[in-house]
Amino acid sequence: MSAGQVVWDPPVRCVGFDYGGVLDQRGADQDVSVPPGYEGLITLNVGAVARRLDQSFPVDPAAAAVIRSLHRTGLRLLVASNTLAGQSGEAQLVAAGVRGLLRAVLHSAELGVAKPSPRFFDAITAASGGCSPAEICYVGNQVHSDVLPAVKAGMRAVLVAPLASTADRSAGWPVDETSGEVPDGVPVIEHVRELPAVLARMTGRAQ
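This structure is a prediction, so every number in the text was calculated from the model and none was measured.

Draft legend 1. Focus on the pattern of salt bridges. Using the criterion set out here, one finds 4 salt bridges in the structure. Across the pair Asp 18 and Lys 115 runs a salt bridge whose closest N-O atoms are separated by 3.2 Å. With Asp 18 in the loop between β1 (14–17) and α1 (25–29) and Lys 115 in the loop between α5 (108–111) and α6 (118–127), this pair connects stretches of sequence that are 97 residues apart. Its relative accessible area of 6% is what places Asp 18 among the buried residues. Residue class for Lys 115 comes out buried when judged on its relative accessible area of 8%. In this structure, the salt-bridge partner of Lys 115 is Asp 146, at a minimum N-O distance of 2.6 Å. Taken as a pair, Lys 115 in the loop between α5 and α6 and Asp 146 in helix α7 (residues 143–152) lie far apart in primary sequence, 31 residues in all.

Draft legend 2. Molecular detail of the packing of aromatic side chains. According to the stated counting rule, one finds 2 aromatic pairs in the structure shown. Ring centres 5.5 Å apart and planes at 80° place the aromatic pair Phe 121 and Tyr 138 in the edge-to-face group. Taken as a pair, Phe 121 in helix α6 and Tyr 138 in strand β4 (residues 136–140) lie far apart in primary sequence, 17 residues in all. The burial state of Phe 121 is the same as that of Tyr 138; both residues are buried. Connected via pairs of aromatic rings, a cluster forms that spans Phe 120, Phe 121 and Tyr 138.

Calculation criteria
- Residues numbered from 1 in each chain as written.
- Predicted model: local features only at pLDDT ≥ 70, side-chain atom pairs only at ≥ 80, totals over all residues.
- Heavy atoms only, no water.
- Salt bridge = Lys/Arg side-chain N within 4 Å of Asp/Glu carboxyl O.
- Helix = DSSP H or I, 4+ residues; strand = E, 2+ residues; numbered from the N terminus.
- Buried < 20%, exposed > 50% of the residue type's maximum accessible area, 1.4 Å probe, protein only.
- Phe/Tyr/Trp six-rings, centres within 6.5 Å; stacked < 30°, edge-to-face > 60°.

Here it is in structure tokens:
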């Protein structure tokens with residue numbers, strides 16, 4: 001750990017993941033695989049229909065590996081995401097072999113409250129098994145609905161921004177025109193596979 005590096009104190013004991021854009025296969029290829037122009041519009045619309053009809057895209061194998069890795073360190077893990085009525089990532093998490101490693105899978109449609117409501121983040125705290133908000137890190141791919149409300153709730157946050165270049169990974173970088181700026185102290189990563197190293201760095205642990 002270099003001199004002056006920020007360390008999260010108290011250390012994180014629980015990690016909450018958004019599903020879409022973070023754990024799913026779409027998150028691995030988000031935007032990058034979408035062709036330009038009319039074909040790209042069709043691709044996005046087909047994806048939206050798929051999410052309505054079921055459910056969710058499959059879990060990215062690299063994301064499943066991250067869940068297994070973090071579970072081995074003793075961290076408490078859960079998934080908490082906004083969903084449409086009847087939509088669920090449960091089957092995909094089971095298929096990926098990681099559902100049993102999660103304390104909870106929270107769906108906004110079942111909770112009756114969605115991000116960015118503070119009540120959604122209260123539900124994450126309640127499902128964490130006794131962790132304080134400061135001991136929880138929420139990992140999402142939207143500044144407005146994931147990062148800002150998590151920080152406001154007293155949690156740590158990590159932003160997954162697939163198109164972020166290394167040079168752009170700094171506080172104050174606007175992810176897009178509507179999402180706002182990344183708050184100070186919030187790491188920005190391109191893929192959730194980077195999360196274990198970030199958590200190790202932010203808690204002052206060696207990899």
